[in-house]
Amino acid sequence: MADFNGMELVRKAVQAMKDEGADKAQASLSRGEQSELNVDAGRMSLYRTTVNVSIRLNAQVGGRKGTVSLNRYDDEAIRTAASEAIAMARSSEPDPANDVSPARALESFSSGDEEPDSEAMYERLREFVDYAASTYPKTRLEQCILDFGRGQSFYSNSNGAEFEERSGLYGFFAMFTSKDGEAASSFNYSGASHRGLRKPLKDWGSIDELMRQSAEQTRVEPLSGSFTGDLVLTPDCLGDFIGYLDGVYLGDYPLITGNSPWKDRLGQAVASPLVTVRSEPNGPRVEVGYGYTGDGFRAENCPIIEEGRLANYTIGFYASNKTGKARCPSGGGAVVVEPGETALADMVRDVKRGILLARFSGGNPSDNGDFSGVAKNSYLIEDGRIARPVGETMIAGNVAKLFESVRAVSRETVDYGSGVLPWMLAGGASVSGK
């Protein structure tokens, strides 16, 4: 990868679009080399290296936009793609919100290793397989992937904004089930990313805790009847609900369409005062961040929800122009939910009846935030104690009301490398069984 000049290529693409008649243009390129070790059905099975290149050209003519993606970067391919982007732009509808970011001198970012430590990867994965077999003999590793990604990304536009980033990153994903005789648990999975291999893989994210739970979940009982109760959202599950906030209340689509129930709530209370959500691509708490946003701005840390008040939407440059609302300085990723002052054990003791929700299987919430789905790999909580694993249990509620009803946030957190999340206790959920 040392001989690869991505910056020259995106500059060349921008110039090609200008030569074809673009008023404004931007080009981005990513090149990744992935070295991967696999475990299938409990056995280490594969080591391979793959290389992927992706280039995206965006041409604007008279407020009209055309976008083309390709995976070749020779001169002819770039010229052809530039011509196609211009043709698409000229045939599209004009939109005054189309634009490119303002001029900014080239900024370069670099993090992580340049080369994978293949021996350490093998030893860490072997260590994990041995640990799982000895500690959780009922648990079967369906698939595990430990990889090292060496990536480069480049951005240039016709105003003169330029960025380049080089990073090395280890990622680990594990999926597993447990079996006791004829009884079997539902599958579960988790993963995390880090710059190095200092920690055993069992300690990445919540993998060890989820394997422990899986071994307990071979025999589950459905609930009878229904009740309105509490949810203790685990960090894995909380990440899904933070994603729902983005999809329904905070992001480009709900703000552009005007469907967001929070479209006029900036600066107002939208959640419990115990809820603080920050986006920290520059760290220090997020190890795996990023230097710039996809629409050509330097990524800056910012709050999204500050002690229950809406501080920023997560919209990009186009949505900002379209709605007149401020662009999110961070791009909205690298999420940190601030921990609270309550121990997880005390949080459980505060629940009269509810669900420890470890995995939620449901479709996207409706435009007003209503959600429903099945609690997977989860537990019934009764009278302040975790009673038993449950199956065939439906959960329903409203995302905004769930965050409004938060009454405890754990002081314990899980570090996924790309974000840090605690446990969260909220009330008012509808829970029903058979």
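The numbering scheme is per chain: residues are counted from 1 as the chain's sequence reads. Totals for whole chains, interfaces and linings use every residue, but because this is a predicted model, local features are given only for residues with pLDDT of at least 70 and side-chain atom pairs only at 80 or more, for both listing and counting. Heavy atoms throughout the structure, all of them, feed into the side-chain values; hydrogens and water do not.

### A few points about the environment of Arg 43
Line of reasoning, step 1. With respect to the secondary-structure elements, Arg 43 resides in strand β2 (residues 43–61).
Line of reasoning, step 2. As a C-alpha pair, Arg 43 and Gln 143 span 100 residues in sequence and 9.0 Å in three-dimensional space. Counting from the N terminus, the helices are the DSSP runs of H or I reaching at least four residues and the strands are the DSSP runs of E reaching at least two.

### Some details on helix α2 (residues 75–91)
Line of reasoning, step 1. In this model, α2 (17 residues) spans 25 Å end to end at C-alpha, consistent with the 24 Å of a helix rising 1.5 Å per residue.
Line of reasoning, step 2. For α2, the complete set of buried residues consists of Ala 77, Ile 78, Ala 81, Ala 82, Ala 85, Ile 86 and Ala 89. Buried residues of α2, seen end-on, are gathered within an arc of 170° and therefore sit on one face of the element. Facing away from the buried side of α2 by more than 90 degrees, the exposed set consists of Glu 76, Arg 79, Arg 90 and Ser 91. Helix span, as expected, comes to 1.5 Å for every residue beyond the first. Throughout, exposure labels follow a simple rule: accessible area from a 1.4 Å probe, protein chains only, divided by the maximum for the residue type, with under 20% read as buried, over 50% as exposed, and the rest as partly exposed. Working note: the arc is built from the helix axis to C-beta atom directions.

### A look at a negative patch on the surface
Line of reasoning, step 1. The patches reported here contain residues having more than 30% relative accessible area and no salt bridge. Joining distances are 9 Å for like charges and 5 Å for nonpolar side chains (Val, Leu, Ile, Met, Phe, Trp, Tyr). Here the open area of atoms and residues is found with the Shrake-Rupley method and a 1.4 Å probe, where only the protein chains shown may cover a residue. Any carboxyl oxygen of Asp or Glu that lies within 4 Å of a side-chain nitrogen of Lys or Arg is treated as forming a salt bridge with it. Two residue types count as positive, namely Lys and Arg, and two as negative, namely Asp and Glu; His and chain ends fall outside the count. The atom standing in for a charge is NZ when the residue is Lys, CZ when it is Arg, CG when it is Asp and CD when it is Glu. Taken together, the side chains of Asp 113, Glu 114, Asp 117 and Glu 119 make up a negatively charged region of the molecular surface.
Line of reasoning, step 2. Turning to its location among the elements, Glu 114 is positioned in the loop between β4 (104–111) and α3 (118–135).
Line of reasoning, step 3. Judged by its relative accessible area of 66%, Glu 114 falls in the exposed class.

### Brief notes about the packing of aromatic side chains
Each aromatic ring pair is summarised here by two numbers: the centre-to-centre distance and the angle between the ring planes.
Line of reasoning, step 1. Between rings of Phe, Tyr and Trp, where Trp is taken as its six-membered ring, a pair exists when centres lie within 6.5 Å; planes separated by under 30 degrees are stacked, by over 60 edge-to-face, and by other angles tilted. Under the criterion given, the structure shown has 15 aromatic pairs.
Line of reasoning, step 2. Ring centres of Phe 148 and Tyr 170 lie 4.8 Å apart, and the angle between their planes is 55°; on these two criteria the pair is classed as tilted. Residue Phe 148 is located in strand β5 (residues 139–157), and its partner Tyr 170 is located in strand β6 (residues 161–180); the two are separated by 22 residues in the primary sequence.
Line of reasoning, step 3. Residue Phe 148 is classed as buried on the basis of its relative accessible area of 1%.
Line of reasoning, step 4. Given the relative accessible area of 1%, Tyr 170 is considered buried.
Line of reasoning, step 5. Taking the centre distance of 4.9 Å and the plane angle of 10° together, the rings of Phe 163 and Tyr 292 count as stacked.

### Here's the deal with the side chain of Asn 38
Line of reasoning, step 1. One can find Asn 38 in strand β1 (residues 24–40).
Line of reasoning, step 2. Given a relative accessible area of 6%, Asn 38 falls into the buried group.
Line of reasoning, step 3. Here the side chain of Asn 38 touches Glu 36 through a polar contact of 3.3 Å, side chain to side chain. Distance and chemistry together define a polar contact, namely a pair of N or O atoms within 3.5 Å, with one atom able to donate a hydrogen and the other to accept it when in protein, and with adjacent residues in sequence counting only for side-chain atoms on both sides.

### Side note on the nonpolar core
Line of reasoning, step 1. Only buried residues count toward a nonpolar core, which is a set of Ala, Val, Leu, Ile, Met, Phe, Trp, Tyr and Cys residues joined through side-chain atoms within 4.5 Å. By size, the foremost hydrophobic cluster in this structure holds 60 residues, and its most contacted members are Phe 241, Ile 355, Leu 357 and Phe 403.
Line of reasoning, step 2. Ranked by the residues each element gives to this core, the list is headed by helix α5 (residues 235–250), at 9 residues.
Line of reasoning, step 3. Listed in part, the 27 residues of the second largest apolar core include Val 68, Leu 70, Ala 81 and Ala 82.

### A look at the packing of α3 against helix α4 (residues 207–216)
Line of reasoning, step 1. For every element, the axis is a line fit to its C-alpha atoms; helices are fit only across the contacting stretch, and the angle between N-to-C directions ranges from 0 to 180 degrees. Contact pair α3 / α4: the axes reach a minimum separation of 11 Å and the direction vectors enclose 30°. Between α3 and α4, the interaxial angle falls into the category roughly parallel. When the axes of α3 and α4 are compared, the crossing they make is right-handed. Listed contacts from α4 to Phe 128, Tyr 131 and Ala 132 of α3 are Ile 207, Asp 208 and Met 211.
Line of reasoning, step 2. Counted by class, the contact of α3 with α4 contains 5 nonpolar, no polar and 1 charged residues. Should an angle fall under 35 degrees it is taken as roughly parallel, and over 145 as roughly antiparallel, whereas 65 to 115 is taken as roughly perpendicular and any remaining angle as oblique. Left-handed is the label given to a crossing in which the near helix is rotated counterclockwise from the far helix by less than a right angle, and right-handed is the label when the rotation is clockwise. Throughout, a residue-residue contact means that at least one pair of heavy atoms, one from each residue, lies within 4.5 Å. In this classification, Asp, Glu, Lys and Arg are treated as charged, Ala, Val, Leu, Ile, Met, Phe, Trp, Tyr, Cys and Pro as nonpolar, and every other residue, Gly included, as polar.

### Describing the packing of helix α1 (residues 6–19) against α2
Line of reasoning, step 1. At a closest axis distance of 9 Å, the pairing of α1 and α2 adopts a crossing angle of 45°. Between α1 and α2, the interaxial angle falls into the category oblique. For the element pair α1 and α2, the recorded crossing hand is right-handed. On α2, the residues touching Leu 9, Lys 12, Ala 13, Ala 16 and Met 17 of α1 are Asp 75, Ile 78, Ala 82, Ala 85 and Ile 86.
Line of reasoning, step 2. Within the contact of α1 with α2, the residues separate by chemical class into 8 nonpolar, no polar and 2 charged.

### Observations regarding the environment of Gly 324
Line of reasoning, step 1. Mapping Gly 324 onto the fold places it in the loop between α7 (317–323) and β14 (335–337).
Line of reasoning, step 2. Judged by its relative accessible area of 70%, Gly 324 falls in the exposed class.
Line of reasoning, step 3. For the pair Gly 324 and Ala 97, spaced 227 residues apart in sequence, the C-alpha separation works out to 9.6 Å.

### Observations concerning unusual backbone geometry
Among all residues except glycine, the phi angle is most often negative; among peptide bonds, the trans geometry is most common.
Line of reasoning, step 1. With omega at 10°, the peptide bond leading from Gly 283 into Pro 284 counts as cis.
Line of reasoning, step 2. Looking at where Pro 284 falls in the secondary structure, it is placed in the loop between β11 (277–279) and β12 (302–306).
Line of reasoning, step 3. Despite not being glycine, Glu 307 shows a phi value in the positive range, around 50°.
Line of reasoning, step 4. By the secondary structure assignment, Glu 307 is in the loop between β12 and β13 (309–310).
Line of reasoning, step 5. A relative accessible area of 56% places Glu 307 in the exposed class.

### Examining the pattern of salt bridges
Line of reasoning, step 1. One pass over the structure, following the stated rule, counts 29 salt bridges.
Line of reasoning, step 2. Where Glu 162 meets Arg 11, a salt bridge forms, and the shortest distance between an N and an O atom there is 2.8 Å. With Glu 162 in strand β6 and Arg 11 in helix α1, this pair connects stretches of sequence that are 151 residues apart.
Line of reasoning, step 3. What makes Arg 11 partly exposed here is its relative accessible area of 39%.
Line of reasoning, step 4. Note that Glu 209 and Arg 212 form a salt bridge whose closest N and O atoms lie 2.7 Å from each other. Note that Glu 209 and Arg 212 are positioned in helix α4 at a spacing of 3 residues, about one turn of the helix.
Line of reasoning, step 5. Overall, Glu 209 belongs to the partly exposed group, its relative accessible area being 32%.

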